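# Results of the structural survey
Single-letter residue listing:
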Amino acid sequence: MGCAQTGTGKTAAFALPILQHLAAARRRAEPHRPRVLVLAPTRELAAQIRDSFRSYGRFLEFKTTAIFGGVSQQPQVQDLSRRVDVLVATPGRLLDLMGQRLVSLEQIEFFVLDEADRMLDMGFINDIRKVIQALPKQRQTLMFSATMPPPIADLARTILVNPVTVTVTPVASTVPQVKEQVLFVDQKEKRRLLAAILKSDSQALTLVFVRTKHGADKVVRMLRDDGVTAEAIHGNKSQGARLRALENFRAGRNRVLVATDIAARGIDVEGISHVVNYDLPNEPESYVHRIGRTARAGASGNATSFCSADERPYLRDIEQLIRHRVPVGESSRYGVSVTAPPPLPEPAQQRQQQPRQFQQPQQRPQGQPQQRPLGSQGFSRYGRPRRRSFRPR
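What comes next concerns the included structure.

### Remarks on the overall build of the protein chain
- A count of helical and extended segments in the protein chain gives 12 helices and 13 strands.
- Taking all 393 residues of the protein chain together, 48% fall into the buried category.
- Counted over contacts in the protein chain with a minimum sequence separation of 6, partners at least 24 positions apart contribute 75%.
- As displayed, the protein chain offers around 22,400 Å² of accessible surface, 48% of which is attributable to carbon and sulfur atoms.

Have a look at this one:
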């Protein structure tokens, strides 16, 4: 189980040793029976891992393919029928082809979960368990991620057997080369602020993150109205449209890409200099992955986050996770009015528990009958006659 900062080469950390082991074994894979299985949460990341394996093993005789939904399965089935050594897949399409008996996992030697914390959350855990049941017991299992919350780490240990944990840096830490800042702004002023930031550096390759799919399309329309060309990528887009938008962004034909968290994990686009969190994520781990799209492989980058009044609890959770306060940026140069930053949280004062005071019962005078409570005299506590229930003897 490996944890390291974004952009430090986790894909190479498992791809290169796996290729070395495959080359030493000198055994060929059979049709429909791959030797290596890598699971990824998104289609874009699966395609990127496939390309990495092909690049690292360019001079080796290993075949690598990726299977994921959103496109026709026929080309993927044809690749599996020939011979595939390394199979990179998303869980949904993999289970679909397993149900059609088009792929078998009986000869898997290496099983890799990339972005393991995302793969083991409640959205994927049932699919992951189905895949694990189809794997042979004798295998090498590897998990990699930049963030590993304690509940997910506990779940991962139920899958691994005597795991070795390798942490290059503190878990959920941000890259020092990323210059972070937060701008406190009203929700209605975010549009003007984003357009001003993008126009101030029109040559920068900027990735804008929003919280919802509808919000991504809305931001693209607003930017186009303000004279800024942008494209959106999210789960409601077809796979062809997502690939085109990502390729246009990677080639520099489009300088602004608006995305949901579908692009926050593992996507490596060289030259991204700015990341803008138009909406703060409600999961603090997503912040680490988002700003990790810049400052990769030792480069530098900028990460700007907009924070409205209702998003300040999200900011507090993020700062607790990354263990430092995000610097407050100067937004006056953009000509947009901003709200005052929240005051620093005061240390919680522990309440002193006072011992309970027990009062001694009052002594009634001799000869005076004992007064019973109201509820015991046939009346309820509100003065109404108490309803009695009779049971047959």
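### Focus on unusual backbone geometry
- Non-glycine residue arginine 101 carries a positive phi angle of around 60°.
- In this structure, arginine 101 sits in the loop between α4 (91–99) and β5 (110–114).
- Even without glycine at this site, alanine 295 takes up a positive phi of about 55°.

### Observations concerning the pairing of strand β3 (residues 64–67)
- Along β3, one buried face is formed by Thr64 and Ala66 and the opposite face, lined by Thr65 and Ile67, is buried too.
- Direction of pairing for β3 relative to strand β4 (residues 86–89): parallel, over a ladder of four bridges. The partner of threonine 64 across the bridge, within β4, is valine 86.
- Viewed along the sheet, the connection from β3 through helix α3 (residues 74–82) into β4 turns out right-handed.

### Some words on the sheet that holds strand β6 (residues 140–145)
- As summarised here, the arrangement of the seven strands in space is β3-β4-β2-β5-β6-β1-β7, forming an open sheet in which the pairing is parallel. Both edges of this open sheet fall to β3 and β7 (166–167), since each of them pairs with a single strand only.
- Bridging between strand β2 (residues 36–39) and β5 involves four bridges; their strand directions are parallel. From the neighbouring strand, valine 38 faces β5, where its bridge partner is valine 112.

### Description of the side chain of serine 308
- Locating serine 308 in the fold gives a position in the loop between β13 (301–307) and α12 (312–322).
- Those residues in contact with serine 308 that sit more than four places away from it in its chain are Val185, Gln187 and Lys190.

### Quick look at helix α10 (residues 239–251)
- In a regular helix each residue adds 1.5 Å, so 13 residues correspond to 18 Å; α10 covers 18 Å between its end C-alpha atoms and thus fits that length.
- Of the positions making up α10, those classed as buried are Gln239, Arg242, Ala245, Leu246, Asn248 and Phe249.
- In this fold, the buried residues of α10 make contact with α2 (43–56), β9 (205–209), β10 (231–233), β11 (256–259) and β12 (272–277).

### Things to note about the environment of valine 269
- In this structure, valine 269 sits in the loop between β11 and β12.
- Along the primary structure valine 269 and arginine 296 are separated by 27 residues, whereas in three dimensions their C-alpha atoms are 8.9 Å apart.

### Quick look at the nonpolar core
- Ranked by internal contacts, the top residues of the largest apolar core, which has 34 residues, are Leu37, Leu39, Leu94, Phe111, Leu113, Leu120 and Met143.
- Looking at this core, the elements that each hand over two or more residues are β2, α3, β4, α4, β5, α5 (116–119), α6 (125–134) and α7 (150–159).
- Filtering out sequence-adjacent residues up to four positions away, leucine 120 remains in contact with Leu113, Ile125, Ile128, Met143, Ile152, Leu155, Ala156 and Ile159.
- Counting 23 residues, the second largest nonpolar core, distinct from the first, contains Val210, Val228, Val256 and Tyr334.

### Overview of a nonpolar patch on the surface
- Residues Val164, Val166 and Val168 make up a contiguous nonpolar surface patch of roughly 300 Å² in combined accessible area.
- As for its position among the elements, valine 166 is in strand β7.
- Given the relative accessible area of 48%, valine 166 is considered partly exposed.

### Details of the packing of helix α1 (residues 10–25) against α2
- Two elements in contact, α1 and α2, have axes whose closest approach is 10 Å; the angle formed by their N-to-C orientations is 45°. In terms of orientation, α1 lies oblique with respect to α2. The handedness of the crossing between α1 and α2 comes out as right-handed. Of the residues in α2, those in contact with Thr11, Ala12, Phe14, Ala15, Leu16, Ile18 and Leu19 of α1 are Ile49, Ser52, Phe53 and Tyr56.
- Tallied by class, residues from the contact of α1 with α2 come to nine nonpolar, two polar and no charged.

### Focus on the pairing of β12
- Burial analysis of β12 places five of its six residues in the buried class, which makes it a mostly covered element.
- Pairing of β9 with β12 involves five bridges; the strand directions are parallel. Counted as the bridge partner of leucine 207 is valine 275 from β12.
- In this sheet, β13 lies alongside β12 in parallel orientation, the contact comprising four bridges. Pairing of valine 275 across the sheet is with alanine 303, part of β13.
- What joins β12 to β13 is helix α11 (residues 284–291), and the crossover it makes is right-handed.

Thresholds, definitions, all that
- Residues numbered from 1 in each chain as written.
- Predicted model: local features only at pLDDT ≥ 70, side-chain atom pairs only at ≥ 80, totals over all residues.
- Heavy atoms only, no water.
- Helix = DSSP H or I, 4+ residues; strand = E, 2+ residues; numbered from the N terminus.
- Buried < 20%, exposed > 50% of the residue type's maximum accessible area, 1.4 Å probe, protein only.
- Contact = heavy atoms within 4.5 Å.
- Areas by Shrake-Rupley, 256 points an atom, 1.4 Å probe, with all protein chains shown as cover.
- Pairing = 2+ DSSP bridges.
- Right-handed = clockwise from strand over helix to strand, strands pointing away.
- Expected span 1.5 Å × (residues − 1).
- Core = buried A, V, L, I, M, F, W, Y, C linked by side-chain atoms within 4.5 Å.
- Patch = residues over 30% accessible without salt bridge, like charges linked within 9 Å, V, L, I, M, F, W, Y side chains within 5 Å.
- Salt bridge = Lys/Arg side-chain N within 4 Å of Asp/Glu carboxyl O.
- Axes fitted to C-alpha atoms, helices over the stretch in contact; angles between N-to-C directions.
- Parallel < 35°, antiparallel > 145°, perpendicular 65-115°, else oblique.
- Left-handed = near helix turned anticlockwise from the far one by under 90°.
- Nonpolar A, V, L, I, M, F, W, Y, C, P; charged D, E, K, R; others polar.

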